[in-house]
Amino acid sequence: MVSLTVTKLRNNIYKFNEDGPDMNVDAFLVIGKKKAVMIDGLMHAKGFLQEARKLTDLPLEMIVTHGHPD
């Protein structure tokens, strides 16, 4: 089973962690004044976008720095 946890690291910066069999993947949400950016994505966690939308309704962009798993 895959679990998704969201941890507030500091104001407007959140860590999204996907933990499951043989994987542990992180992504980060940074919320600015005009838009938000997700740094990397997850692999199998459901509700990833919905969790981000609970934190911000700003336009959301994604930056992919590498392929997963971490």
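What you see is a predicted model; the values in this text were computed from it and never measured.

Thresholds, definitions, all that
- Residues numbered from 1 in each chain as written.
- Predicted model: local features only at pLDDT ≥ 70, side-chain atom pairs only at ≥ 80, totals over all residues.
- Heavy atoms only, no water.
- Helix = DSSP H or I, 4+ residues; strand = E, 2+ residues; numbered from the N terminus.
- Rg over C-alpha atoms; globule rule 2.2 N^0.38 Å.
- Buried < 20%, exposed > 50% of the residue type's maximum accessible area, 1.4 Å probe, protein only.
- Contact = heavy atoms within 4.5 Å.
- Areas by Shrake-Rupley, 256 points an atom, 1.4 Å probe, with all protein chains shown as cover.
- Lys, Arg positive; Asp, Glu negative; His and termini not counted.
- Charge placed at Lys NZ, Arg CZ, Asp CG, Glu CD.
- Salt bridge = Lys/Arg side-chain N within 4 Å of Asp/Glu carboxyl O.

1. Some remarks on the overall build of the chain
Reasoning step 1: Summing up its helical and strand segments, the chain has one helix and five strands in all.
Reasoning step 2: Across the chain, helices and strands are ordered from the amino to the carboxyl terminus as β-β-β-β-α-β.
Reasoning step 3: Compactness check: the chain gives a C-alpha radius of gyration of 12 Å against a globular reference of 11 Å for 70 residues, within 12% of the reference.
Reasoning step 4: Each of the three principal axes of the chain carries a C-alpha extent, and together these read 35 × 20 × 20 Å.
Reasoning step 5: Classification of the 70 residues of the chain by burial places 31% in the buried group.
Reasoning step 6: Contacts spanning at least 24 positions in sequence make up 37% of the contacts within the chain whose residues lie at least 6 apart.
Reasoning step 7: Element-wise, carbon and sulfur atoms account for 54% of the exposed surface of the chain, whose accessible area totals about 4,800 Å².
Reasoning step 8: Taken as two groups, the 9 positive and 9 negative side-chain charges of the chain have centres that lie 12 Å from each other.

2. Concerning the environment of Met 38
Reasoning step 1: Turning to its location among the elements, Met 38 is positioned in strand 4 (residues 36–39).
Reasoning step 2: Its relative accessible area of 3% is what places Met 38 among the buried residues.
Reasoning step 3: Taking the C-alpha atoms as reference points, Met 38 and Glu 61, separated by 23 residues in sequence, lie 6.2 Å from one another.
Reasoning step 4: When residues no more than four places from it in sequence are discounted, the contact partners of Met 38 are Phe 16, Ala 27, Phe 28, Leu 29, Phe 48, Ala 52, Leu 60, Glu 61, Met 62 and Ile 63.

3. Looking at the pattern of salt bridges
Close approach of charged atoms allows side chains of opposite charge to pair.
Reasoning step 1: Inspection of every chain in the model, using the stated rule, returns two salt bridges.
Reasoning step 2: A salt bridge links Glu 61 to Lys 35, with the nearest nitrogen and oxygen atoms 3.3 Å apart. Remark: Lys 35 occurs in the loop between strand 3 (23–31) and strand 4 and Glu 61 occurs in strand 5 (residues 60–63); sequence separation between them is 26 residues.
Reasoning step 3: Exposure remark for Glu 61: the relative accessible area of 41% places this residue in the partly exposed category.
Reasoning step 4: Relative accessible area serves as the criterion here: at 43%, Lys 35 is assigned to the partly exposed category.
Reasoning step 5: Across the salt bridge formed by Lys 54 and Glu 51, the nearest N and O atoms sit 2.8 Å from each other. Of this pair, Lys 54 and Glu 51 are both found in helix 1 (residues 48–55), three residues apart, which corresponds to roughly one turn of the helix.
Reasoning step 6: What makes Lys 54 exposed here is its relative accessible area of 62%.

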